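# Residue-level structure breakdown
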Amino acid sequence: MNHESEIENQNAETASVDAELASVVDTAPEGNAAPPAPPAPEPVAPPAAPATGVQKLTEIIVVTSGKGGVGKTTSSASIAVGLARRGKKVAVIDFDVGLRNLDLILGCERRVVYDFVNVIQGECTLKQALIKDKRNDTLFLLAASQTRDKDALTREGVERVLNELRDDGFEYIVCDSPAGIEKGAYLAMYFADRAVVVVNPEVSSVRDSDRILGLLSSKTRRAELGNGPVAQHLLLTRYNPARVSSGDMMSIADVKDILGIEVVGVIPESEGVLAASNAGVPVILDEASNAGQAYEDAVGRLLGEQRPMRFVEPPKKGIFSRMFGG
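Residues numbered from 1 in each chain as written. Predicted model: local features only at pLDDT ≥ 70, side-chain atom pairs only at ≥ 80, totals over all residues. Heavy atoms only, no water.

## Some points on the environment of Leu285
Structurally, the position occupied by Leu285 is in the loop between helix H12 (271–278) and helix H13 (290–302). The class of Leu285 is partly exposed, set by a relative accessible area of 27%. In this structure the C-alpha to C-alpha distance between Leu285 and Ser78, which are 207 residues apart in sequence, comes to 8.0 Å. (Helix = DSSP H or I, 4+ residues; strand = E, 2+ residues; numbered from the N terminus. Buried < 20%, exposed > 50% of the residue type's maximum accessible area, 1.4 Å probe, protein only.)

Shown next, in the form of structure tokens:
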């Protein structure tokens, strides 16, 4: 009996070992079989597709001068029209509260219902006040008030209007500044990215413009925030090469040496400028006039085009003029 019991115990131990071996064999990989795959990672959402549209930046250009009567508003109108003719969406704002003229030069004075001050004081929306140019679908005018005081303009109000124009997709905002250094002129230049300083080639105009350059370097938002200076360009108007040759007018080099900024354009003295203004047509649209062509060249240079400087040399005399002193 003892012997049989011992055999039964051995058989039980053998069965137990066989069962353990079987469990090991079942969990081990067979031959070259790959080990069990790790658990699948959590699904990750694909990155969002990039936006197809590219937001265009808005550039604010102030057209300014130290002295009145140098052709600043004429230049503002022609620059705005020139940009719009290249397909840019442009707003031009008249900052000369009480003495507006920009609407006359653009030929839309009868269409002014609301003005810049109305928008700032919340008496109408910006869209109500903007006047679409009848010649260019991408050009809009915001006229100045004829009845309000310049104190009606506030920095907060001007900034709000500029931001709304930016949000509406305008690529260029041209600010037609009053002459001098009063409040309207200060607000016109404060938010500018670029300045076109309009100068006649005579001493008092150049001296007053030098003061404006000092303000552009120190009294603008870019100067306050340390974002670099406002880019400055010199636009010489009413230039007469014959008078320069005779010593009666300052030369381009003279003006450039005094003011120290690059010349973006030279507009020759021309009766066509006055005729165009009286007709309510910006002179840049008069492609037959030297002044219109010179403004077209200036706009091209503002956009980075390389153009030769024309109309800066006196006309050559014919043989009879040389012989008889004509």
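## Some thoughts on the layout of surface pockets
Counted as a void, the largest pocket has a volume near 490 Å³. Put simply, the parts of the chain that give the lining of the largest pocket at least two residues each are helix H2 (72–85), helix H3 (102–105), strand S7 (231–239), strand S8 (263–268) and H12. (1 Å grid on protein atoms, 1.4 Å probe; cavity = no way out; pocket = protein on both sides within 12 Å on 5 of 7 lines; lining within 4 Å. Points joined across faces, edges and corners; volume = space filled by probe spheres on them.)

## As for the packing of H2 against H13
H13 packs onto H2 with a crossing angle of 65° between their chain directions and a minimal axis gap of 9 Å. In terms of crossing hand, the pair formed by H2 and H13 is right-handed. Contact residues: H2 offers Thr74, Ser75, Ser78, Ile79, Gly82, Leu83 and Arg85, while H13 offers Tyr295, Glu296, Val299 and Leu302. Partitioning the contact of H2 with H13 into residue classes produces five nonpolar, four polar and two charged. (Axes fitted to C-alpha atoms, helices over the stretch in contact; angles between N-to-C directions. Left-handed = near helix turned anticlockwise from the far one by under 90°. Contact = heavy atoms within 4.5 Å. Nonpolar A, V, L, I, M, F, W, Y, C, P; charged D, E, K, R; others polar.)

## Quick word on the nonpolar core
If you look at the biggest cluster of nonpolar residues, it comprises 53 residues, and the most contacted ones within it are Phe95, Phe116, Leu142, Leu165 and Leu216. The dominant element in this core, judged by the number of residues it contributes, is helix H8 (residues 203–218), at five residues. Beyond its immediate chain neighbours, meaning those up to four positions away, Leu165 contacts Ala91, Ile93, Leu126, Leu130, Phe170 and Ile173. Core analysis: the second largest hydrophobic core is formed by 37 residues, Ile61, Ala80, Ile284 and Ala291 among them. (Core = buried A, V, L, I, M, F, W, Y, C linked by side-chain atoms within 4.5 Å.)

## Regarding the sheet that holds strand S2 (residues 90–94)
Within the open sheet, the eight strands sit side by side as S3-S4-S2-S5-S1-S6-S7-S8. Their pairing is mixed. Because the sheet does not close on itself, it has two edges, and the strands there are strand S3 (131–132) and S8. Strand direction decides the pairing type here: strand S1 (residues 59–64) and strand S5 (residues 172–176), joined by five bridges, are parallel. The residue bridging Ile60 from the neighbouring strand is Ile173, located in S5. Of the strands in this sheet, S1, strand S6 (194–199) and S7 touch H8, which is tilted by about 170° from S6. In the packing of helix H11 (residues 252–259) onto the sheet, the strands contacted are S6, S7 and S8, and the crossing angle to S7 comes to about 150°. (Pairing = 2+ DSSP bridges.)

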